[in-house]
Amino acid sequence: MIIIWGTYHLMKNNPRVHNDTCPHCGAFSRLESHEATHFFHLYYIPLIPLGKKRIESKCSRCNKYMTMSYKDWVKVKAAGESFIAENAQVAFQDPANAIAYHEMVDRFKGLPAAREVAQIMRTEFAEQPEVLAYLGNWFRSVGLRNEAVPYFDRVIELDPTHTLANRFKGHTYLNQKDLVNAALQFARMETPDTVLDFQVLLKLAIDLNKANYPEESYKLMVYMLDKFPAAAKNSQVKSTIKSVEKKLGIQESALGAW
Ligand SMILES: [Zn+2]
C-alpha cells in the first residue's frame, strides 16, 4: 500500500488576480496572489496546520510562485495601508504620485477601491496619456477589458502612435476577427516588442495573405521589417513577403533593401 502524504496550501484569503507577464517563465498568463494556510496532509486530508503564508504571483502556466512569511506579509500590508492613509490628500498632485497611490490601493485595498481611484484619476489627468495608459492597462490586467476601452481611446487621441494603446486596440480587433483593422491598428505602434508583438504580427500577416488581403499583409510586413530589421532573415517572413509580392506584382522585393 502506498501512503500518500505531504503538504499543501489551503484556504485562500485576500486573493488578487492579474493577467500579466509571469516573473518566472515570462509568458503572458494569469497570476494569482493570496494568503494561504500550509497543511500537512494524509491522503489529501489536511491534518496539521503548519502556519500561514502569503503566496505571490502564482502563474497559471508554470505554476511557480513566490512566498512570504505571514508575519512579513502583515508588516508589508500595514506599511501599505499607512502609505494609503498618509497620501490620500496629495495623491493626485502629479502623475507619478497618482500611479504609485493607485498601485498601493490595488494591492492592499482591493479592486472596488482601485476602480474608484481610477475614475478620479481619469478626470484629474484627462490630458496625460501615460496616466490613462497605465489605467487602461490596469483594467485590462484585472480582466475588465470593456472598462479599459475609453482610457485607451483617449490615449490614442492624445498620442496616436502610443504603443500600449494601439496594441490593446489591435488585440480587440483580433478578438473580433477583424484582421484588416487589427493590422492598421498594430502598424501604428511606435515601439513594438519582439516578445509581445512579433509572433502576433507575423501570424496576422500570414492570415491576411490567406484571407486574400495581400495589400494589407504587405503593408504589415513592411512595417515589421522597419521595426524588426532582423525579421528579414526569418524564413516565414521571407516566404510570406515573396507570396504577397507575387500576388501584387511587385518587382523590387521589400526584402532587397535589407
Ligand atoms: Zn509562469
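Caption draft 1: Examining the overall build of the chain more closely. Summing up its helical and strand segments, the chain has 10 helices and four strands in all. Listed N to C, the secondary structure of the chain is β-β-β-β-α-α-α-α-α-α-α-α-α-α in terms of helices and strands. If one aligns the C-alpha atoms of the chain with their principal axes, the spans along those axes are about 75 × 65 × 30 Å. Residue pairs in contact within the chain that sit at least 24 positions apart in sequence constitute 46% of those at least 6 positions apart.

Caption draft 2: How the structure looks around the nonpolar core. The biggest cluster of nonpolar side chains holds 23 residues, and the ones touching the most others in it are Met 121, Val 131, Leu 132, Leu 135 and Tyr 151. At the level of secondary structure, the elements contributing two or more residues to this core comprise α2 (95–108), α3 (111–124), α4 (129–141), α5 (145–158) and α6 (163–175). Looking at which element gives the most residues to this core, the answer is α4, with seven residues. When residues of this core are assigned to domains, at least three fall in each of domain 2 (88–158) and domain 3 (163–248). Once residues within four sequence positions are removed from consideration, Val 131 is found in contact with Pro 95, Ala 98, Ile 99, Met 121 and Phe 125.

Caption draft 3: Just the packing of helix α1 (residues 70–87) against α2, in detail. Two elements in contact, α1 and α2, have axes whose closest approach is 10 Å; the angle formed by their N-to-C orientations is 135 degrees. The orientation of α1 with respect to α2, classified from their angle, is oblique. For α1 against α2, the interelement crossing comes out left-handed. The residues of α2 that touch α1, namely those facing Lys 77, Gly 80, Glu 81, Phe 83, Ile 84 and Asn 87, are Tyr 101, Met 104, Val 105, Arg 107 and Phe 108. The class makeup of the residues in the contact of α1 with α2 is six nonpolar, two polar and three charged.

Caption draft 4: Main features of the sheet that holds strand β2 (residues 28–42). What the four strands build is an open sheet, ordered β1-β2-β3-β4; its pairing is antiparallel. Two strands in the sheet have a free side with no partner beyond their single neighbour: β1 (5–21) and β4 (66–69). Across the sheet, the mean angle separating the axes of adjacent strands is 30 degrees when strand polarity is ignored. In terms of strand pairing, β2 meets strand β3 (residues 45–59) through 11 bridges, oriented antiparallel. Considered in β3, the bridge of Leu 31 is made with Cys 59. In the packing of α1 onto the sheet, the strands contacted are β2, β3 and β4, and the crossing angle to β4 comes to about 85 degrees.

Definitions and limits used
Residues numbered from 1 in each chain as written. Predicted model: local features only at pLDDT ≥ 70, side-chain atom pairs only at ≥ 80, totals over all residues. Helix = DSSP H or I, 4+ residues; strand = E, 2+ residues; numbered from the N terminus. Contact = placed C-beta atoms within 7 Å. Core = buried A, V, L, I, M, F, W, Y, C linked by C-beta atoms within 7 Å. Buried ≥ 20, exposed ≤ 12 C-beta atoms within 10 Å, placed from the backbone. Domains from an automatic or database assignment. Axes fitted to C-alpha atoms, helices over the stretch in contact; angles between N-to-C directions. Parallel < 35°, antiparallel > 145°, perpendicular 65-115°, else oblique. Left-handed = near helix turned anticlockwise from the far one by under 90°. Nonpolar A, V, L, I, M, F, W, Y, C, P; charged D, E, K, R; others polar. Pairing = 2+ DSSP bridges.

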